[in-house]
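Chains, contacts and geometry: an overview
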Amino acid sequence: MDKISIPIGPHHPLLKEPLSMRIDIAGERVLGGTLRMGYVHRGIEKMTAQRTYVQDVHLIERICGICSHVHTTTFCLGVEKLLGIDVPPRAQYIRALMCELERVHSHLLWLGILSKHVGLETVFMHTWHDRELALDIMEGISGGRVSHAANQIGGVRFDLSPEQEVMVKENIGKLKAQVSGVLGVIENEPALRARTQGVAPVSADLIRDYCVVGPVARASGVDVDLRRDDPWPPYDQLDVNVITRPEGDAWARTLIRALETRESLRLCEVLLRQMPEGPVTVRAPRKVPEGEVVTRSEAPRGEVLYYLRSDGSDKPARLKVRTPTLAVLSLLPEQLSKIHVADIPVVLAGIDLCIACADR
Amino acid sequence: MKAMRKRHSLLDAIIDAVFSRPDTVAYPFGELQLPEGYRGAIVINPENCTGCGLCVRDCPTGALKLEKKSRDEFKLIHYPARCAYCSQCESSCVRGAIGHSNALVGATDRPRELIVVLKDKKEGED
Ligand code: SF4
Ligand code: SF4
């Protein structure tokens, strides 16, 4: 059969963000594909060198529209390490609470997108409805749905009032019930299983070869999670259950995210229960001493790494960000070579791309 | 029916949805309830502002401008279209003069609304 090349993107209804692909097919079989990216490159790393550390926190928040909080947290952790200041324990707990809530909303968003791609619009509606609750919690405590502006160098910008704590607890209770419903659907719904089980399996060896991290790695049985492996406080005091599945197919990637959502909600409850009293911020000097530092965090999509070099001024000399999406994207041509045309959306959605993060 | 429910776990959710009320607000016709701490329009308490310019220095988007002639004569201007509603000015102001109200800031086609004079202090005034 003749080979046909289909161009997809950079702007395409299948994609939420710009990415260009050329997929080679012969009949119903996909032979492979090539990728081109960089359409949302904004030069954020360079821009940080022209602004002060205080201003950079807000710029970095805009690297990603979903996991904005984990980016600022990782950046602030690095700056605080160079400054040699200790963040108050309550601020650490609020940071972690926001990180977990962000994971909940990111995973629910993703579950919705996958359901839509496999034709289960009902699940899409329900997960996005539930995600609204997570966003409501974050908006209630930080004042913003997506850009929370929670972090500042030296702590967090806001405290949790007793009423807010009650609101968070109530909404988390509701979310837990709704997420178990979604889990039931993923485990039992025949339509979803038929579209995802056995689709584009990835072996653990391949995951290690391509340095893939996050839920995609865990769905192939690779046991990595920075919340346990390289924790910053308060994760070192928490007992994080790292969930893995051996299958490595699209269904395992779906199930992993639903189970992780449940685990994150449990962690939120633990964080609220153990949250210490006290101040939420300490004064930080504007000038950062000379030096370099690397900090890592577990974002919803996997490891986020920040390298920061300071020359002793109030502006960073160099900031390098590494996000999880690039590694997962490099796996895409490999995954595409084994599937049918109808599976392309499932595979694309399955890896939970965040192009804005990857391009920066 | 029971067997069908077991096979299609979505059925319960669909039945619930038929009998539940909509979750969306018919904005702008319905009332929009924003949380108390929502980071909305920038407001100032002019009595507290001394024109020190700390907020202007830290604003990441250049949405604030201070036109200072002397200690007693200055103008603090806010450009809402540039503002990222990030709350940095509130954190930077040591006198607690500037901050957010929880009013939603919508798009506008009236140029006058794009320049907001927060404080216009003339010599001899308080
Ligand atoms: S609002 Fe505050 S920081 Fe800004 S000029 Fe006035 S006193 Fe200074
Ligand atoms: S909220 Fe942020 S962007 Fe807006 S004026 Fe204040 S500091 Fe500037």
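See the structure above.
Now for a description of the structure that goes with this document.

**A word on the pattern of salt bridges**
Residue and element names in this part refer to chain A. Summed over all chains, the structure comprises 27 salt bridges over all chains. For the salt bridge of Arg 218 with Glu 260, the shortest nitrogen-to-oxygen distance reads 2.6 Å. Taken together, the positions of Arg 218 in helix H9 (residues 214-219) and Glu 260 in helix H11 (residues 250-274) put the pair 42 residues apart, joining distant regions of the chain. Comparing Arg 218 with Glu 260, the two get one shared label, buried. One salt-bridge network, in which partners are shared between bridges, spans Glu 100, Arg 103, Arg 218, Asp 225, Arg 227, Glu 260 and Glu 298.

**Observations regarding the interface of chain A and chain B**
Across the contact, 26 residues belong to chain A and 22 residues belong to chain B. The junction of chain A with chain B conceals about 1900 Å² of combined surface from both sides, 50% of it contributed by carbon and sulfur atoms. The interface formed by chain A and chain B includes 1 salt bridge. Residues Arg 286 of chain A and Asp 58 of chain B are paired through a salt bridge, measuring 3.0 Å at the closest nitrogen-oxygen approach. Contributing elements (two or more residues each) for the side of chain A that touches chain B: helix H2 (53-61), helix H5 (121-142) and helix H6 (162-188) of chain A. It is H5 of chain A that contributes the most residues to the side of chain A that touches chain B, 7 residues altogether. Of the residues in the side of chain A that touches chain B, the class split is 6 nonpolar, 14 polar and 6 charged.

**Thoughts on the sheet that holds strand S7 (residues 302-310) of chain A**
Residue and element names in this part refer to chain A. Read from one edge of the open sheet, 3 strands run S6-S7-S8, paired in antiparallel fashion. A strand with exactly one partner marks an edge of an open sheet, and here the two such strands are strand S6 (291-299) and strand S8 (316-322). If you compare each strand with its neighbour and ignore which way they point, the axes differ by 15° on average. As defined by bridge partners, S6 adjoins S7 across 9 bridges and the pair is classed as antiparallel. In the sheet register, Arg 296 faces S7, and the bridge partner there is Leu 305. Each of S7 and S8 touches H2; the most contacted strand, S7, lies at about 155° to it.

**Side note on the sheet that holds strand S2 (residues 20-26) of chain A**
All names here are of chain A. Across the sheet, 3 strands lie side by side as S1-S2-S3; this open sheet has antiparallel pairing. Because the sheet does not close on itself, it has two edges, and the strands there are strand S1 (4-8) and strand S3 (29-36). Going across the sheet, the axis of each strand differs from the next one's by a mean of 20°, ignoring polarity. Pairing geometry for S2 and S3, over 7 bridges, is antiparallel. For Ala 26, the partnering residue across the bridge sits in S3 and is Arg 29.

**Examining the site of ligand 1**
All names here are of chain B. The environment of ligand 1 is made up of Cys 49, Thr 50, Gly 51, Cys 52, Gly 53, Leu 54, Cys 55, Cys 93, Ala 97 and Ile 98. Because more than half of its atoms lie within 2 Å of the grid, ligand 1 is assigned to the largest cavity. Here the residues of the shell around ligand 1 sort into 7 nonpolar, 3 polar and no charged.

Parameters and conventions
Residues numbered from 1 in each chain as written. Chains lettered and ligands numbered in written order. Predicted model: local features only at pLDDT ≥ 70, side-chain atom pairs only at ≥ 80, totals over all residues. Heavy atoms only, no water. Salt bridge = Lys/Arg side-chain N within 4 Å of Asp/Glu carboxyl O. Helix = DSSP H or I, 4+ residues; strand = E, 2+ residues; numbered from the N terminus. Buried < 20%, exposed > 50% of the residue type's maximum accessible area, 1.4 Å probe, protein only. Contact = heavy atoms within 4.5 Å. Buried area = accessible area lost by both parts, 1.4 Å probe. Nonpolar A, V, L, I, M, F, W, Y, C, P; charged D, E, K, R; others polar. Pairing = 2+ DSSP bridges. Axes fitted to C-alpha atoms, helices over the stretch in contact; angles between N-to-C directions. Near = heavy atom within 4 Å. 1 Å grid on protein atoms, 1.4 Å probe; cavity = no way out; pocket = protein on both sides within 12 Å on 5 of 7 lines; lining within 4 Å. Sits in = over half its atoms within 2 Å of the grid points.

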